[in-house]
Structures are given as C-alpha cells and as structure tokens.
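Architecture at a glance
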Amino acid sequence: MTTSNNKHTPVNRPLKLSMLTLSILGLVACGGGGEHGVRASNNTPSSTPAVSSSSSSSSVAPVAVCNPVSNGAEGLTMLKTDGTKWVKSNGDQVCLKGTNLGNWLVQEFWMMGQGGNGVHDQCTLEAKLTERFGYDEKERLIKLFRDNWIKERDWDQLQAFGFNVVRLPILWNVIEDEKNPKTLRADAWHYIDWSIAEARKRGIYVILDLHGALGGQTPNDHTGCSGQNKYWTNTEYQDRTKWLWEQIATRYKDEPVVAAYDPLNEPWGSTAADMAVRVNELYDVIRKIDTKHIVMLPSHYGDIEVYGNPAAKGQTNVAFELHPYPGLFGDRPGDTHYDVHRDWLKCGQNGTGGVCDWDKKITALKTPMLMGEFQPWQSAGLELGGKIGRATYDTYASYNFASTSWAYKFVSIAGGHGKGTWGMVTNEINTSLDTGVGLITKASTWDCANWNSTFANACAKKATVINTNGTGTKNYYLVIKTGANGGANPDVTYDSISLKNNATNEEVLVNGGFGSGTGWTELTITGSLNFDYNNTDASKQPTGGDGANLRITRPAGVTGEINGALYQQITLQAGQSYTFSGAFKDNASVNTWAEIYLIEDVPVTGKDVVDNAGKVDFTTASITDIEKLFKSYGEVGYDVHSGLAKWLVTNEHNDVFDYPAKPAGVTLTQSGTNVVLTWNAITGSDITYNVYRSTVSGVKGTLIGENITATTFADSGVSEEETYYYSITAKNNIAEGYASNPVNTKLLFVTVPAKIEAEKYTAMSGVQLENSSDTGGGQNVGHFEAGDFIEFKIKTETAGNYSIDYRLATQPGSTGFEVLIDDVVVDTRTVDPTGGWQTWVTKSSGTFALTAGNHTLRFRSLGKEWNINWFEIKKQ
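Figured I'd write up the structure that's included with this text.

Basis of the calculations
Residues numbered from 1 in each chain as written. Predicted model: local features only at pLDDT ≥ 70, side-chain atom pairs only at ≥ 80, totals over all residues. Heavy atoms only, no water. Phe/Tyr/Trp six-rings, centres within 6.5 Å; stacked < 30°, edge-to-face > 60°. Helix = DSSP H or I, 4+ residues; strand = E, 2+ residues; numbered from the N terminus. Buried < 20%, exposed > 50% of the residue type's maximum accessible area, 1.4 Å probe, protein only. Polar contact = N/O pair within 3.5 Å; in protein donor to acceptor, adjacent residues only side chain to side chain. Contact = heavy atoms within 4.5 Å. Salt bridge = Lys/Arg side-chain N within 4 Å of Asp/Glu carboxyl O. Expected span 1.5 Å × (residues − 1). Arc of directions from axis to C-beta. Disulfide = S-S within 2.5 Å. Pairing = 2+ DSSP bridges. Axes fitted to C-alpha atoms, helices over the stretch in contact; angles between N-to-C directions. Core = buried A, V, L, I, M, F, W, Y, C linked by side-chain atoms within 4.5 Å. Left-handed = near helix turned anticlockwise from the far one by under 90°. Nonpolar A, V, L, I, M, F, W, Y, C, P; charged D, E, K, R; others polar. Parallel < 35°, antiparallel > 145°, perpendicular 65-115°, else oblique.

Quick word on the packing of aromatic side chains
Enumeration over the complete set of coordinates arrives at 43 aromatic pairs. Consider the rings of Phe374 and Tyr393, whose centres lie 5.3 Å apart with planes at 75°: the pair is edge-to-face. With Phe374 in the loop between β9 (369-371) and α10 (382-398) and Tyr393 in helix α10, the pair connects residues that are 19 residues apart, well separated along the chain. Tyr393 shares its class with Phe374; the two are buried. Here the aromatic rings of Phe531 and Tyr533 are separated by 6.3 Å at their centres, their planes lie at 15°, and the arrangement is stacked. Residue Tyr533 is classed as buried on the basis of its relative accessible area, which comes to 11%. Taken together through their ring pairs, the aromatic side chains of Phe161, Phe163, Phe374, Tyr393, Tyr396, Tyr399 and Phe401 make up a single cluster.

Written out as structure tokens, the structure is:
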C-alpha cells in the first residue's frame, strides 16, 4: 500500500490509473454462504461461517463459472494460467478472492496509528530502536511486533470472510541478512512458512509479494524506507533483488499453496520502460529455477501495454496486476461513493469504461488479471460498504480477475470502524482516551471529497465537547492545520470558529470570525501557504459561515507538499466543559487535509502538529512501553466490519446496483426560448424521473426537474445564444440510474479567432472533466486514452492561415494528440512532462489554412495521461 504522507490519509495510490479508467461493477463470490462473521476478542478466533457458492445479483452481467477452493488441503493444487483464467492443475477454474496482509512484514505507520518525531516508516523505526537499544534488541522488538500483528485468530477471520487467497507483502530484509549481503537470515522463512502452513489448513492460497525491494522501487513508505527510490540506479540493489528471488523460487518451487510470485510491488519510481526491463529480468531469474508458478507483471500505474504480448515474447504462466482505487485520490471530487464505484464496476454511462475497458485489454492479450489492491468500502457506511465490497469481488470474478483488497487489518488510536476504515477488521473503540484534546476536528478529500460542513458534522473527526480535568487553569494552543500533496492545490475556507465555556457562555477564542489576522500566529511546517483572512467570495463561504472568512491556498510558484497552520494560545478552566464550533469547506480541493488540534506544547516551525494521544514516542519510550504497544496488536478486541462480514458470505440477493435502466426515446422540441421534452416510460416499481440541463456536451449538468411521475417536461427562458444539452434519469428506491442519451438545442458555431475552453466541446468520447488550478480556475479535460476525442464546432468569417495555442499539463508526459479539422490532420503534438497534472504550459501549433465557413475541429488522443484547459485559435 502506497502512502506519501503517513501522518495523513493514504495518498499516491495509482493516482492516474483511477483518473484514466473509472467506470463500474457487480459480484460473484468464489466461496460464499453462511451467516455473519463474528467479533473476535483477544486471542479467541471468530467462528467460521460455512463456505458455499453463491449467485450474483440480478443486476450483474452473467458471471464465469468458477470452482471455489474447498476448505481443506485437498483443494489446493499448483495453479496455472489458461487464457484469461486462473486454473488448478486439473484445469478447473478458480476464482481467487481475498485481501492483503498489510503492515505486517512491511510496516506502514498510518495503518497502526503511530509515528512522530522522525519515526514514520520501518527504516526509521529500526534505526531508532538500534540507536537506543542495540541491534539485537531491535530485532527482538520487531519480531514481537510481527508475532502479534497477525495471529491464528486472523487466519480464522480470513476464512470467515470466505477468502481463498491472501497477498503477503514482504520487505527484502525479512529474508536477506541486512548485515551480510546475499546471505539468508537465520529466520528467513519463518513468517512465510508459517503463513503457508496456516493458509493450507484453511484452503487459502498465498501470493508472495516483494512489497519493499532493497533501495526502494518508489520513494514511498510502503517500500519500508520512504524517500529512497534507489533500486533503479543501483546495480548492486538490482543484483541482490535477483538473488532474493532465486532464494524464494528455490524454496517454494514445489509448494502448491503459493499461488504466484509478485516480483515488485508498484514499481513506479522510474519509467514504464524501466519497469518492464527490471520485471522481465526477475521473470527470467525465477524461470531458471521455477517453471511452475505464475509470475505477476505489475502495471505502471495503468500501463500494461509496455510489456507487449507476453506469449509472443515467450513468457509463460504470467498474469497482469492492477491496483485500482477509484475515487480515493481526488479524481472524482463531488461524486458520491456509490456513483464512483458504480461507474467503475458497471462500466460507466456508455458501458465501455472501467472494468469493461480492462476486460477488453486482458481478453486481447489472453492473459489473466489480478486486481492486487483496491478499496471499495472505506467511508461508505457499513451496510453500503459491505454491499459494494461484495459487488466488487463478484464483478472481478465475473471477468475472471483474481482479487485481493487493501487491506485486512487497520488499527487506530480511537478504534472502531465509524463509516468504514481501510481495514476489514480494526481495534475496538478505545474508551480510555481523554476526549476533547489532541485532534478535535478533521476533514480530508480522502475521507469526503467536496466537504462543506460544520465542525460538528466533520466527516473524519467530529467536534465534541472539550472537558478539562484537574484544578486551576490550563494553557493550550488551538491549531488550524491545512495542507496538500505535491501537485494539488488546496482551497480551504474556515469561518465562525468559536470555543465557549458551557458554564459561563464566555468566548475563549480571539477573532474566530476573521476579517483580519488579529489573534492568530502563522506556522510553516512544509513549504508555505497563503492565508487570506478577509475572503469575501460568497461561493467559497462554508455552510454556517457569515461574512468574511479565512481562505487558505497554495502560493504561486510553490511546489511539492505544503503543510502549515495558524494558532493561538488559550486558557481553559480545569474541571469545566467547552463547546467548539465552526464551519469549513474544501471548495473542490483534491489531496487536501484540514485538521484542528488542541495541544499543550507551543507549535514549532518545521515540526508537524500531530495528535500524540495514545501514541508511543519511539524516540523516548521505554522498552516496556514499546513491548506493551506491540503486544496490544495481538491482544486487542476486534471490531469486524459488519457489512463485509455479512455481505461477503451471504446468499442474500445484493440489490446495490438494482437501479432503473436509462430512459429511451427522448425527444426535444424547441420554440424560441421554450423547450419541451418527452421520453418513454420505464417499467418498474416506484419509478420517478429527474431532468438535467447542461451547457457542456457529455456532462449531466444541473438538476432542473425532480421526482417527476409523467414522461414529459417543459423548460422555459432558455437563451437562443447558447446550446443546451438535456438528459433524463429514472430512479427507484435503490438508486438513480444512468442518464439517457442527451438531446440538445441548436448547435452554435464559435466564430474564430477565439479562445475556447476545452470543456465547451460539442461531442466527446472517453474523457472526464476535473477542477483546474490554472489561472482562472474552472475545469479542464483529462482522463484521455488513445482514441478518445473532444470535438468543437467553429466558424471562420474569412479564409486565411491560422495557428492554435494549447494550454496543457501532464505529470509523466504523453505521446499526445492530433488535431483534425473536417477530418484532415492539421497538427500532431507530443506533450512533454510539465511538472504535474495541474502544472500548466502553453504550446503552439504550426500554421495551417482554413476556408471561410463552418468546420468541425477534433482533438484525437494518440496516447494518454495528458490534460487540456483551453486552446486559442489565432489568425496569422
């Protein structure tokens, strides 16, 4: 699991993968049946529901027939590939359905609620423990952690979820002695062998995943050491990684419980071409020893094309691997959890995106697929999360994809699932915490994209009553912290912030209504922020705000992660309670956090503000305290995700995607400024209709008619100088269905020369709109794949020579696009990396001739991973 900032919510998942491919799904369990999974407490295993086959919901396309692995060793045979299928040695197909055992053999601190004072990943932890206690004691403590994070009760719970595969993320030095290169540790195979033995007892396969290679295959903390990314340029590290896979292949070449080898997790620290070279090298190393096991070919974000056709290159028994995280990293701001996952699983409005697109690719290559990481239930609510989780597994199975979600276990200081954590199991709610200090309010675009709420309704941490213990007065610092990842542009507003004594109604804060910076001190942590204390833009005003508010944004020219705060010292009376209130809004920000803390120590420039309540400070804690923490991971009672526990194993019909069909037969009649729409009725119970209007083709737009029971609608007062696009949806008591094919008023031609916003296309295929941080804001067009297009109607008054300026952005670079006018190519352009998805540059075409009259202009994508904000047609 990749995170670029472990003190916040996970980020940097296959960011552009989700941007490029989103659309929708459904579900078949390879092993279902039984009743609910049960709560596991201490070391007592949960009871295990019986596993039997289950049928998919009626709203899902017919699924492939897959034989579940039986609960017993006799069901486990060596797996191999057969076209796009995973099959057993006798040729019977297997639907592999499971999860990742994250944060076990590679620590990711965000998954266990720890970190601080420079200890934020496996490397910094081990370095600090060695520095303080010596190497041998460090080794003992890490073993204590690993002995407790996953225990027998966890294997029982995995079986209770109906799983038949786990993906096992491994750090290189679990196997290799870090002090003696190319030497096995004395306990090199302890945890892997134990996992295989426990899995065998329960009819579960194991995928061996090198999650952290020596030197790091990305700069992210999931490699064990954040900030490295040295694997690509260090030949010694590459050579030792080959040696490592020689040892693994030698030991497990005849082990049927091992489903596959995953040679490099998310190898995205270099180019796609570099990735293919190194992965192919590791494939060759493995094949010299082991010709039996499946070897994974990981995607480069969403790129598998870089490998070509494996069979044509002589590769056998290989499968591709993808890590799709639709909606989680800011690519669908404002869309609901339901809509995002429906689009991905059900293939979107046009039925060709999402998993359908991937099925098309995989089918053409006649190669299986592993959805190696995905996360459909986080923050969805337990019931809906369970249903979408089930639909995701079943839909993947319907396309013959194996699937392992991220992740099985997640632990936090507060405990409990809330609306859904990243884990299938988490720790019970911690009732020992002192409420009202530390982190007191939080929202982020990962927890709830497009938030706009009071602090009392904040999606990640709701403001509660603050209670102070003891006697006398206590000094605290109220800290408002805001930040964003590199490439993201935060635009967060705060207003009406108040902290009142409940006994006296006395206001404690100075200037929580803003209008000026009076009473507040600014704090720089990483990079810098713009603080506008007198923002009067009404569109930015959070719900519950009033008048001028505080607006925090990224300064021009500042790149990379930005993280900062403002704070003021306050005095509270011990033994009394206080009510904290206010409002904030993310204004369509992406990859952004907003956190408010009440802490005792004065904030320090360059040092992050975090909630240390319940945390262990590894820089100062005693061995006893560290031991207590590590043991707690194996002893704490579990809160099992109730929705997943039910829906992953039940035979009950999953109605999550039982939404109505698209209305058909939509007609539009225009008379001046009046429009009349009609459409065919949809069959079903409790059907009503919504009408949408947009001035952008392909965008549903604004709801202008709701809960209509008739099949006609009249709109009035439209402008004859604008083209309007109308669509109709049907809805029932489950959900609103997809929109009808749009109908439009008269298409208007834009007279050129002119600057044209890219989102004002009159036709498109495959693209999506996203909020732009370019000068002037608005939206840009992105998510291009090869063959996608956007089209415009233009008109020239006089013939002559013209050129086009393009406003473009891309992080990795792209083979770009060609521009056609009336189906004739007038320009072809590659797009070099600009420094980020929202780092914009202007490029110009050559000169071309245009005749007078109406024309159709089309941008046709030759590659992918490029964005366009506007273009300007100029007369030469």
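Now that the structure has been shown, the text picks up again.
Observations concerning the side chain of Thr223
Mapping Thr223 onto the fold places it in the loop between β5 (205-212) and α6 (235-252). Engagement of the side chain of Thr223 in a polar contact is seen with the backbone oxygen of Asn220, the distance being 2.8 Å. Of note is the side chain of Thr223, whose polar atom sits 3.1 Å from the backbone oxygen of Cys225. Dropping the residues within four chain positions of it, Thr223 is found in contact with Val106, Leu171, His211, Gly212, Gly216, Gln217 and Thr218.

A few points about the pattern of salt bridges
Note on pairing: side chains with opposite charge can pair once their charged atoms come close. Counted according to the given criterion, the structure contains 44 salt bridges. Asp156 is paired through a salt bridge with Arg202; the nearest N and O atoms lie 3.0 Å apart. Placement of Asp156 in helix α4 (residues 152-160) and of Arg202 in the loop between α5 (190-201) and β5 is noted, with a sequence separation of 46 residues between them. Residue Arg202 is classed as buried on the basis of its relative accessible area of 7%. For Glu198, the salt bridge identified is with Lys201, shortest N-O distance 3.0 Å. Remark: Lys201 and Glu198 occur in helix α5; sequence separation between them is three residues, near one turn of the helix. Using a relative accessible area of 54% as the deciding quantity, one classes Lys201 as exposed.

Topic: the environment of Gly423
Mapping Gly423 onto the fold places it in the loop between β10 (402-405) and β11 (425-427). In sequence terms Gly423 and Asp357 are 66 residues apart; their C-alpha atoms lie 28 Å from each other.

Structural notes on α5
The first and last C-alpha atoms of α5 sit 17 Å apart over 12 residues, in line with the 16 Å expected at 1.5 Å per residue. Every buried residue of α5 is accounted for by Tyr191, Ile192, Ser195, Ile196, Glu198 and Ala199. In an axial view of α5, the angular spread of the buried residues amounts to 170°, which keeps them on one side of the axis. Residues of α5 that are buried in the fold lie against α3 (135-149), α4, β4 (165-171), β5, α6 and β6 (258-262). Backbone geometry just downstream of α5 places Gly203 in the positive-phi region, at approximately 65°.

Regarding the state of the cysteines
Taken as a whole and judged by the stated rule, the model has three disulfides. The residue that forms a disulfide with Cys123 is Cys225, at a sulfur-sulfur distance of 1.4 Å. Here Cys225 lies in the loop between β5 and α6 and Cys123 lies in helix α2 (residues 122-133), a separation of 102 residues in the sequence. On the basis of relative accessibility, which here comes to 30%, the residue Cys123 falls in the partly exposed class.

Here we look at the sheet that holds strand β26 (residues 688-694)
What the four strands build is an open sheet, ordered β27-β26-β29-β30; its pairing is antiparallel. Here the strands that pair on one side only, and so sit at the sheet edges, are β27 (702-708) and β30 (743-744).

Describing the sheet that holds strand β25 (residues 674-678)
On the basis of which strands lie adjacent, the open sheet formed by three strands has the order β24-β25-β28 and antiparallel pairing. The sheet terminates laterally at β24 (667-671) and β28 (712-716), the two strands that pair on one side only. Pairs of neighbouring strands in the sheet enclose a mean axial angle of 15°, with direction left out of account. In this structure, β25 lies alongside β28, joined through five bridges in antiparallel fashion. Counted as the bridge partner of Leu677 is Phe713 from β28.

Quick notes on the nonpolar core
Grouped together as the largest cluster of nonpolar side chains are 119 residues, with contacts concentrated most on Phe161, Leu208, Tyr261 and Phe630. A total of seven residues in this core trace back to one element, the largest contributor, which is α6. Counting residues in each nonpolar core, the second largest holds 36 residues, with Ile440, Ala458, Phe514 and Leu566 among its members.

Concerning the packing of α2 against helix α11 (residues 623-635)
Relative orientation of the contacting elements α2 and α11 amounts to 145°, with a least axis distance of 13 Å. When the axes of α2 and α11 are compared, the crossing they make is left-handed. When α2 is examined against α11, the residues Leu125, Leu129, Arg132 and Phe133 are found in contact with a partner set consisting of Ile623, Ile626 and Phe630. The residue inventory of the contact of α2 with α11, partitioned by class, reads six nonpolar, no polar and one charged.

Digging into the packing of α2 against α3
The contact between α2 and α3 brings their axes to 7 Å, and the two run at 135°. With respect to α3, the axis of α2 lies oblique. Handedness of the α2/α3 crossing: right-handed. Within the contact between the two elements, α2 uses Gln122, Leu125, Glu126, Leu129, Thr130 and Phe133 and α3 uses Tyr135, Glu137, Lys138, Leu141, Ile142 and Arg146. A class-by-class count of the residues in the contact of α2 with α3 yields six nonpolar, two polar and four charged.

Brief notes about the environment of Gly348
Along the chain, Gly348 turns up in the loop between α8 (337-346) and α9 (354-365). In this structure the C-alpha to C-alpha distance between Gly348 and Ala645, which are 297 residues apart in sequence, comes to 28 Å.

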